[in-house]
Amino acid sequence: MKENLIDFLHKSFPFLLTVGLWRLSVPFWNPAGILAIIPIFFCSFVKPVPWFTFFSILMCMVIDYKFETVCFWMAMYCLFFAINSFQNVIDISKMDNDGLFAFVVFFGISILIQTFTNFSPLNLLNGFGLFVFVSGMYVPISILIKRIHND
């Protein structure tokens, strides 16, 4: 019984972490629960988890709801999912540093688009700060997911 519970918690950890990071939204360091994009990216592209793609689309919609954007994060996720389908060109699951470079490209392009749609120096500064913070949090969160979610 104990082993079944531990196995269930290991397998459900990425799902629980994503919901937890989304719920821990604080305007300064986790606006609209944007840190949830890290396990969404990691468990979809770097170390795919079964059934996580559908959950990721749902969570991107929830992040869009809190960000008050209309399907932006969902569209960016689906676009990157389509790009990742061409694995003969790019295979994120075999990249160094757990796909950090791919995440920086994904998140950087997304933040850049959002910054330039409503450009002001303050939005540029906020976008840069958010980019640096979320990109810096990618490594510890990905290490945590790898250590706890072992198949």
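Quick note: structure is the one above.
Residues numbered from 1 in each chain as written. Predicted model: local features only at pLDDT ≥ 70, side-chain atom pairs only at ≥ 80, totals over all residues. Heavy atoms only, no water.

### What to know about helix H5 (residues 100-117)
Between its first and last C-alpha atoms H5 spans 26 Å; for 18 residues at 1.5 Å apiece the expected length is 26 Å, and the two agree. Among all positions of H5, only Ala102, Phe103, Phe106, Phe107, Gly108, Ser110, Ile111 and Thr115 are buried. Here the buried face of H5 lies against helix H2 (37-46), helix H4 (72-84) and helix H6 (121-148). (Helix = DSSP H or I, 4+ residues; strand = E, 2+ residues; numbered from the N terminus. Expected span 1.5 Å × (residues − 1). Buried < 20%, exposed > 50% of the residue type's maximum accessible area, 1.4 Å probe, protein only. Contact = heavy atoms within 4.5 Å.)

### Comments concerning the environment of Gly136
As for its placement among the helices and strands, Gly136 is situated in helix H6. Each C-alpha atom, one on Gly136 and one on Ile90, is 23 Å from the other, the two residues being 46 residues apart in sequence.

### A few points about the pattern of salt bridges
Scanning all chains against the criterion turns up 1 salt bridge. With a shortest N-O distance of 2.9 Å, Lys146 and Asp98 are connected by a salt bridge. Linking Lys146 in helix H6 with Asp98 in the loop between H4 and H5, this pair joins segments that are 48 residues apart in sequence. (Salt bridge = Lys/Arg side-chain N within 4 Å of Asp/Glu carboxyl O.)

### Description of H2
Across the 10 residues of H2, 10 count as buried, placing the element largely inside the fold. Taken residue by residue, H2 has Ile37, Ile38, Pro39, Ile40, Phe41, Phe42, Cys43, Ser44, Phe45 and Val46 as its buried positions. On the buried face of H2, the contacting elements are helix H1 (2-23), helix H3 (52-67), H4, H5 and H6.

### What to know about the packing of H2 against H4
In the contact formed by H2 and H4, the axes pass within 12 Å of each other and the chain directions differ by 20°. Considered as vectors, H2 and H4 are oriented roughly parallel to each other. Classified by chirality, the crossing of H4 by H2 is right-handed. The segment H2 lies against H4, with Ile37, Ile40, Phe41, Ser44 and Phe45 engaging Trp73, Tyr77, Phe80, Phe81 and Asn84. Among the residues making up the contact of H2 with H4, the classes are represented as 8 nonpolar, 2 polar and no charged. (Axes fitted to C-alpha atoms, helices over the stretch in contact; angles between N-to-C directions. Parallel < 35°, antiparallel > 145°, perpendicular 65-115°, else oblique. Left-handed = near helix turned anticlockwise from the far one by under 90°. Nonpolar A, V, L, I, M, F, W, Y, C, P; charged D, E, K, R; others polar.)

### Side note on the packing of H1 against H6
Running from N to C, H1 and H6 cross one another at 150°; their axes reach a closest spacing of 9 Å. What the angle tells us is that H1 and H6 run roughly antiparallel. Only Ile141, Leu144, Ile145 and Ile148 of H6 make contact with H1, whose side of the interface consists of His10, Phe13, Leu17 and Leu21. When the residues that make up the contact of H1 with H6 are grouped by side-chain class, the tally is 7 nonpolar, 1 polar and no charged.

### Brief notes about the nonpolar core
Counting residues in each nonpolar core, the largest one holds 39 residues, and the members touching the most others are Ile37, Phe41, Trp73, Phe103, Phe107 and Val134. Elements represented by at least two residues in this core include exactly H1, H2, H3, H4, H5 and H6. Considering every element that reaches this core, the biggest residue donor is H2, with 8 residues. Excluding residues that lie within four positions of it along the chain, Val134 makes contacts with Ile34, Leu35, Ile37, Ile38, Phe103 and Phe107. (Core = buried A, V, L, I, M, F, W, Y, C linked by side-chain atoms within 4.5 Å.)

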